[in-house]
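If you want the building blocks of each chain, they are given just below.
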Amino acid sequence: MNEKSIHTQRLKLIPFTHRIATNILQENYEELLDMGFTLGKGWPDEDAMETIPKIIKALELTGESTGFESWMIITKNGMKIIGDVGFKGVPNADGEVDIGYGIIEAERKKGYAYEAAEGLANWALLQPDVKKITAKCLLDNIDSAKILVKMGFTEIKRDDSLIYWSRQKELHARTESE
């Protein structure tokens, strides 16, 4: 992967490496601290620790970060790790990737989840193999639903516990005269 980071107005997204994810699982943050990062209050939280083994498994499948795994969300002000955003693997045969995100409780309701998810979605939609981004959120996760609507996602369906979302890549047919 060529991209080492994605920058938004207030955030820097850095892809997890296998080594960093493994160290976090072992509660070893030395490498992250050596990189100049600080740990946000409560990071990694329970959700992050639940996600780390999935990140490791995804990275083992690809050998290195492709961008379609998870990224750490870091504030530019203070270089604080406050969450993660990512996909659950490379695009499938239909060109779909499924996005997810999480912010530590101390940093919620500040627009960080939207900013990080939008930054990563914009990166993904520039990739030639991506045609659609999907997402899921719990029925009662009103904040996440608001983020997805703001990002241009459309609700596809609901079941007993989840709302399913989709955002198509906009295809612009251009001619040479344009």
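What you see is a predicted model, and the numbers here were worked out from it, not measured in a lab.

K.L.:
Mind showing me how you'd approach the pairing of strand S2 (residues 11-15) here?
P.N.:
Every regular strand shows the same layout, with side chains that alternate between the two sheet faces. Burial runs high along S2: four of the five residues are buried. For strand S1 (residues 6-7) and S2, the ladder comprises two bridges, and the chain directions are antiparallel. Paired with His7 across the strands is Lys12, a residue of S2. Connecting the antiparallel pair S1 and S2 is a turn made up of three residues.

K.L.:
In this structure, what is going on with the side chain of Asp98? I would like to understand it.
P.N.:
Tracing the chain through its elements places Asp98 in strand S6 (residues 96-103). Asp98 gets classed as buried once you look at its relative accessible area, which sits at 10%. Within the structure, Asp98 has its side chain in polar contact with the side chain of Lys88 (distance 2.6 Å). A distance of 3.3 Å separates the side chain of Asp98 from the backbone nitrogen of Ala135, its partner in a polar contact.

K.L.:
How should the packing of aromatic side chains be read in this particular structure?
P.N.:
A ring pair, where both rings are aromatic, is described by two values, the distance of the centres and the angle of the planes. Summed over the entire model, instances satisfying the criterion amount to four aromatic pairs. Between Phe68 and Trp123, the ring centres sit 5.0 Å apart and the planes meet at 50°, which makes this aromatic pair tilted. Linking Phe68 in the loop between helix H3 (46-62) and strand S4 (70-75) with Trp123 in helix H4 (residues 112-125), this pair joins segments that are 55 residues apart in sequence. The pair formed by Phe68 and Trp123 is uniform in burial state, with each residue classed as buried. Grouped by ring-pair contacts, the aromatic residues Phe68, Trp71, Phe87 and Trp123 constitute a single cluster. We note Lys150 situated over the ring of Tyr114; from NZ or CZ to the ring centre the distance is 4.2 Å. Positioned over the ring face of Tyr164 is Lys157, at 4.9 Å from the centre of the ring.

K.L.:
Can you walk me through the environment of Ile82 in this structure?
P.N.:
With respect to the element layout, Ile82 can be found in strand S5 (residues 80-87). Judged by its relative accessible area of 0%, Ile82 is buried. For the pair Ile82 and Leu39, spaced 43 residues apart in sequence, the C-alpha separation works out to 7.2 Å. Excluding residues that lie within four positions of it along the chain, Ile82 makes contacts with Leu11, Trp43, Ile73, Thr75, Gly102, Ile103, Ile104, Glu107 and Tyr112.

K.L.:
Just checking my understanding: could you explain the packing of helix H1 (residues 18-25) against H3 for this structure?
P.N.:
What describes two packed helices is the angle between their axes and the distance between those same axes. At their nearest, the axes of H1 and H3 sit 9 Å apart, and the two run at 150° to each other. Looking at the two axes, H1 sits roughly antiparallel to H3. The crossing of H1 and H3 is left-handed. Where H1 abuts H3, its residues His18, Ala21, Thr22, Ile24 and Leu25 lie against Met49, Ile52, Pro53, Ile55, Ile56, Leu59 and Glu60. Broken down by class, the residue content of the contact of H1 with H3 amounts to nine nonpolar, two polar and one charged.

K.L.:
What am I meant to see in unusual backbone geometry here?
P.N.:
With an omega of -5°, the peptide bond between Trp43 and Pro44 qualifies as cis. With respect to the helices and strands, the residue Pro44 is situated in the loop between strand S3 (38-39) and H3. Even without a glycine there, the phi angle at Met79 is positive, about 50°. Turning to its location among the elements, Met79 is positioned in the loop between S4 and S5. For Lys109, which is not glycine, the phi dihedral falls at a positive 65°. Relative to the helices and strands, Lys109 is located in the loop between S6 and H4. A relative accessible area of 71% places Lys109 in the exposed class.

Rules used throughout
Residues numbered from 1 in each chain as written. Predicted model: local features only at pLDDT ≥ 70, side-chain atom pairs only at ≥ 80, totals over all residues. Heavy atoms only, no water. Buried < 20%, exposed > 50% of the residue type's maximum accessible area, 1.4 Å probe, protein only. Helix = DSSP H or I, 4+ residues; strand = E, 2+ residues; numbered from the N terminus. Pairing = 2+ DSSP bridges. Polar contact = N/O pair within 3.5 Å; in protein donor to acceptor, adjacent residues only side chain to side chain. Phe/Tyr/Trp six-rings, centres within 6.5 Å; stacked < 30°, edge-to-face > 60°. Lys NZ or Arg CZ within 6 Å of the ring centre and 35° of its normal. Contact = heavy atoms within 4.5 Å. Axes fitted to C-alpha atoms, helices over the stretch in contact; angles between N-to-C directions. Parallel < 35°, antiparallel > 145°, perpendicular 65-115°, else oblique. Left-handed = near helix turned anticlockwise from the far one by under 90°. Nonpolar A, V, L, I, M, F, W, Y, C, P; charged D, E, K, R; others polar.

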